[in-house]
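Single-letter residue listing:
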Amino acid sequence: MSIPQTVRATTQILRKGEVDRTPTVIRAKDPMTIVIFGASGDLSKRKLIPALYNLHQNGCLPDKYAVIGLSRTPMSDEAYRQMSIDFMKKEGYEDLDPNHYLFQALHYCPGNNDTPESFQALRKRLEEVEAKRGLPPNRLYYLSVAPHFFSIVVEQLMAARLIHDPKVENTWSRVIIEKPFGTDLESARALNAAITGVLDESQIYRIDHYLGKETVQNIISFRFGNTIFEPTFNNKYVDNVQITVSETLGMEGKRGAYYDTAGAMRDMVQNHMFQVLCLTAMEPPAALDSTSIRDEKVKVLRALEPYNADQVRHNTVRAQYGPKLKNGQTVEPGYLGAEGVDPESTTESFVAMRLFVNNWRWAGVPFFLRHGKRLAKRVTEVAIQFKQPPMHLFKQNDSAELCLLDDRPIQNQLVLRIQPDDGISLSFGCKPPGMQMRLQQVDMDFLYKEAFDLRSPEAYERLILDALRGDASLFTRSDEVEYAWRFIGAILDGWKHSGDKKLPQYEPYGEGPLEARKLMEGSHRRWRLIKDM
Ligand code: BG6
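All of these numbers come straight from a predicted model, not from anything done at the bench.

**Some remarks on the packing of aromatic side chains**
On inspection of all chains with the given rule, the structure shows 20 aromatic pairs. Considering the side-chain rings of Y65 and Y101, the 4.9 Å spacing of their centres and the 50 degrees angle between planes classify their relative orientation as tilted. Remark: Y101 occurs in helix α3 (residues 101-104) and Y65 occurs in strand β2 (residues 65-71); sequence separation between them is 36 residues. Taking relative accessible area as the criterion, Y101 reaches 28% and is therefore assigned partly exposed. Relative to F367, the ring of W362 has its centre 5.2 Å away and its plane inclined at 80 degrees; by these criteria the two rings are edge-to-face. The pair W362 / F367 is uniform in exposure class, with both members buried. One aromatic cluster is present, built from ring pairs that chain together Y259, Y321, Y335, F350 and Y506. Geometry around Y101 places R133 over its ring, the cationic atom sitting 5.7 Å from the centre. Over the ring of Y321 we find R374; its NZ or CZ atom is 5.4 Å from the centre of that ring.

Here it is in C-alpha cells:
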C-alpha cells in the first residue's frame, strides 16, 4: 500500500488546476499516550492501529507519544506489537518495519474493563511508560468495548485518578466512546448522565465514523462554500430527498449475535444516517467550530416530530433478507438462518422511512431514508430531487415524438455520492441532437479520484487526530444523541407494540422489499434504483 507523505488540510480555496503547495500538515502537537480499551478486538486491529500508522506516516502525530493496549488476553508488549503488524499485513500493508516508531511505542497491559485492580495496573503501566518516554500525562482513552462497559470504564478511570480536572491542570484527559450510544432514549440519557457525572462534556468524544468520511464533511463545504446550490435547498425547489445506505454484506464475521439485538435502525439509522440527514438539512452554521455546527444539527433533530403508532405504520417499512436460492436449494442462509440470529427474530435487516423536517426551510418536503444489508450494491448517497418545471412543455403533445424519452417526467437531481466512487453528479434534461424537440436526462459528474491527486484520509484517522487536537466538531454532543433517540425510539416503540410476529422478506442482493414502495404510493416519486446508482 503506498502512502503519501503529507495530508494537506487547508481551508483556502484553490482555483481549478491550481496545485496546493501549502506545506500544512494538520498535526497534534501535545505529546501524549493513547490507551485503547478492547485492544485485541476487531476495530482496534482493523482500524485504530492502521489509522495511527497512517497518521504517523503523514507527520500528524506529535514527536513523542505512546500507545497502551488493554484487553483480557494475557500478552507481552512484544506479542502485541507482532499481532498488530501481522494484522496490518493481512490488510494489505507491505514492508512494515518492526522498528517503526509506532510499533516501538506500542505497549500492552492485560486487564478487565471493570475491576479496580486492572485500573491500578493500568495506572502503574501508564506512569512507567510516560516516565520512560518523557511524556506528560496527556491521555486519550479509546473505549472500543461492549456498550455496557462505557460508563463502568469511565467510572473506573476516575476512581483510579486517571482523569484530570479540565479546569485545573495543564494536561488533558479525553475519552472517545464508540457506538452504539444507548439503545433508546432512556438508556442514552442514563449513559449521558453517568459519563457527564464523571467527565466534563469537553472531555467526551462520542464517535460516529461517518462524520470522519471525507465526502460526508464535503456536504458542508459543498452546501455553504458555493452560491449556486444552497439557495435551492428548500421546499420551494426540492421535491424530495433520498438518503440511501445500501450494503451487500449480511451477517459475515459472526455479527449475527450483536446485530440481532440492534437491527438496522439502531445500527445505522439513528447514528450514521441521521448525521448525514443533519448535514444535508441544517442551516449555515455561524462558524465552523464544534458548537456552531452541533447547534445547527440539533435544530434539525428537534424539528423531527416523533411519530405516533399510526404514523409509524404509515411512514416506516422493515424487513429481513431471505435466503439465496439456486435451483430451489438454499445456497446462502437468509437473515433468520444466520449464525447467532434467533430463527424467530423480528429484528430488521432493512429499514425504509419517510420523515419530515418541520421547519421553515423544509416543511412539506419528504426525506426518504433507506438502509439494508444484502442489497444489490454497496453504495451510500444523498439524492436531492428537485421539483418539476411548473409547466410540462415537453408533455403537451401526446405524439411520441414530442414527449420525453423516459416515461417518467424529468427531474433535476443532485446526487452526493459518499461511497464508493465518491463524487457529485447533477442530472438534468437536455435536447438530444436531431430534428425533434425532445428531452433526455444527462449527467454532469465530478469524481474525487479524478479531480484530486490526493489520498483521502480514513475516517478513523481524521477523528483520532481531531480528538488529539481537542477539536470535537466531528463528534456528537449529548443533546444530538438524545434528540435522535427521541425520534427513532418512538418508531422502535411503534414496532414493538405492532404485534408483528414476522417481517416481510426480501430477495438477497436486490432492491429491498417491495413494501418500501408504499412510502411513495399515490405520488410521482420513485426510489432510485440501487443497482443503477
Ligand atoms: C457500522 C455498522 O457502524 O457501520 C455496520 O455497525 C456497517 O453494520 C458499517 O456495516 C458501515 O460502515 P461503512 O463505513 O462501511 O459504510
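What follows continues from the structure just given.
**Remarks on the sheet that holds strand β3 (residues 106-110)**
Spatially, β3-β2-β1-β4-β5-β6 is the arrangement adopted by the 6 strands of the open sheet, whose pairing is parallel. Each edge of the open sheet is held by one strand with a lone partner, namely β3 and β6 (204-206). Within the sheet, the average angular offset between the axes of one strand and its neighbour, ignoring direction, is 20 degrees. Pairing between strand β5 (residues 173-177) and β6: 3 bridges, direction parallel. When the bridges of β6 are listed, I177 appears paired with R206.

**Notes on the packing of helix α7 (residues 214-224) against helix α8 (residues 256-281)**
Contact geometry for α7 and α8: axes closest at 9 Å, N-to-C directions at 10 degrees. Relative to α8, the element α7 lies roughly parallel. Listed contacts from α8 to V216, I219, I220 and R223 of α7 are V276, L279, T280 and A281. For the contact of α7 with α8, the per-class residue count stands at 6 nonpolar, 1 polar and 1 charged.

**Some thoughts on the site of the ligand**
Every residue near the ligand is listed here: K179, H209, Y210, K213, E247, R255, D267, M268, H272, K373, R378 and Q419. K373 places a side-chain nitrogen or oxygen 2.7 Å from an oxygen atom of the ligand. Between R378 and the ligand, the recorded distance is 3.2 Å, taken from a side-chain N or O atom to an oxygen atom. Within the complex, 81% of the 400 Å² of free accessible area of the ligand lies under protein. Ranked by residues supplied to the shell around the ligand, first place goes to α8 with 3 residues. When the residues that make up the shell around the ligand are grouped by side-chain class, the tally is 2 nonpolar, 3 polar and 7 charged.

**Considering the confidence of the model for the protein chain**
Summarising the model, the protein chain shows a mean pLDDT of 91, and 93% of its residues fall at 70 or more. Counted against residues more than four places away or in other chains, residues 1-11, with its pLDDT under 50, gives 29 contacts. Confidence drops under pLDDT 50 across residues 400-407; counting only partners more than four residues distant or on other chains, this segment forms 20 contacts.

**Notes on the pairing of strand β15 (residues 423-430)**
Residues in a regular strand project their side chains so that they alternate between the two faces of the sheet. Taken together, the 5 bridges between strand β14 (residues 413-419) and β15 define a ladder with antiparallel strand orientation. The residue bridging L414 from the neighbouring strand is L426, located in β15. Hairpin connection of β14 to β15: 3 residues between the antiparallel strands, including D421 at a positive phi of 50 degrees. Here β15 pairs with strand β16 (residues 440-447) via 8 bridges, running antiparallel. From the neighbouring strand, S427 faces β16, where its bridge partner is D443.

**Side note on the environment of Q436**
As for its position among the elements, Q436 is in the loop between β15 and β16. The spatial distance from the C-alpha of Q436 to the C-alpha of R525 is 28 Å, given a sequence separation of 89 residues.

**Side note on the pattern of salt bridges**
Under the definition given, this model contains 34 salt bridges. Notably, a salt bridge pairs R313 with D310, separated by 2.7 Å at the nearest N-O pair. With R313 and D310 both in helix α10 (residues 309-315), this residue pair falls 3 residues apart, about one helical turn. For R313, a relative accessible area of 53% puts it in the exposed group. Taking the relative accessible area as the measure of exposure, D310 reaches 40% and is therefore partly exposed. For the salt bridge of R528 with E381, the shortest nitrogen-to-oxygen distance reads 2.6 Å. Taken together, the positions of R528 in the segment after β17 (505-506) and E381 in strand β13 (residues 379-386) put the pair 147 residues apart, joining distant regions of the chain. Residues R528 and E381 agree in their burial class; the two are buried.

**Details of the side chain of H371**
Of note, H371 is situated in strand β12 (residues 366-372). On the basis of relative accessibility, which here comes to 0%, the residue H371 falls in the buried class. Looking at H371, its side chain comes within polar contact range of the main-chain oxygen of V245, at 2.9 Å.

**Quick notes on the pairing of β5**
Taking burial as the measure, the 5 residues of β5 include 5 buried ones, the bulk of the element. The alternating pattern of β5 places S173, V175 and I177 and R174 and I176 on opposite faces, both of which are buried. Across 5 bridges, strand β4 (residues 139-143) lies against β5 in parallel orientation. Looking at the pairing, R139 lines up with S173 of β5. Considered for its hand, the β-α-β crossover made up of β4, helix α5 (residues 150-159) and β5 is right-handed. Between the parallel pair β5 and β6, the chain is carried across by helix α6 (residues 185-196), and the sense of this crossover is right-handed.

**Section: the environment of E130**
By the element assignment, E130 lies in helix α4 (residues 116-133). You can call E130 buried: its relative accessible area is 6%. Between the alpha carbons of E130 and P31 there is a distance of 9.9 Å; along the sequence they are 99 residues apart. If sequence neighbours within four positions are ignored, E130 has contacts with T33, L135, P136, P137 and R139.

Conventions used here
Residues numbered from 1 in each chain as written. Predicted model: local features only at pLDDT ≥ 70, side-chain atom pairs only at ≥ 80, totals over all residues. Heavy atoms only, no water. Phe/Tyr/Trp six-rings, centres within 6.5 Å; stacked < 30°, edge-to-face > 60°. Helix = DSSP H or I, 4+ residues; strand = E, 2+ residues; numbered from the N terminus. Buried < 20%, exposed > 50% of the residue type's maximum accessible area, 1.4 Å probe, protein only. Lys NZ or Arg CZ within 6 Å of the ring centre and 35° of its normal. Pairing = 2+ DSSP bridges. Axes fitted to C-alpha atoms, helices over the stretch in contact; angles between N-to-C directions. Parallel < 35°, antiparallel > 145°, perpendicular 65-115°, else oblique. Contact = heavy atoms within 4.5 Å. Nonpolar A, V, L, I, M, F, W, Y, C, P; charged D, E, K, R; others polar. Near = heavy atom within 4 Å. Polar contact = N/O pair within 3.5 Å; in protein donor to acceptor, adjacent residues only side chain to side chain. Areas by Shrake-Rupley, 256 points an atom, 1.4 Å probe, with all protein chains shown as cover. pLDDT = per-residue confidence, 0-100. Salt bridge = Lys/Arg side-chain N within 4 Å of Asp/Glu carboxyl O. Right-handed = clockwise from strand over helix to strand, strands pointing away.

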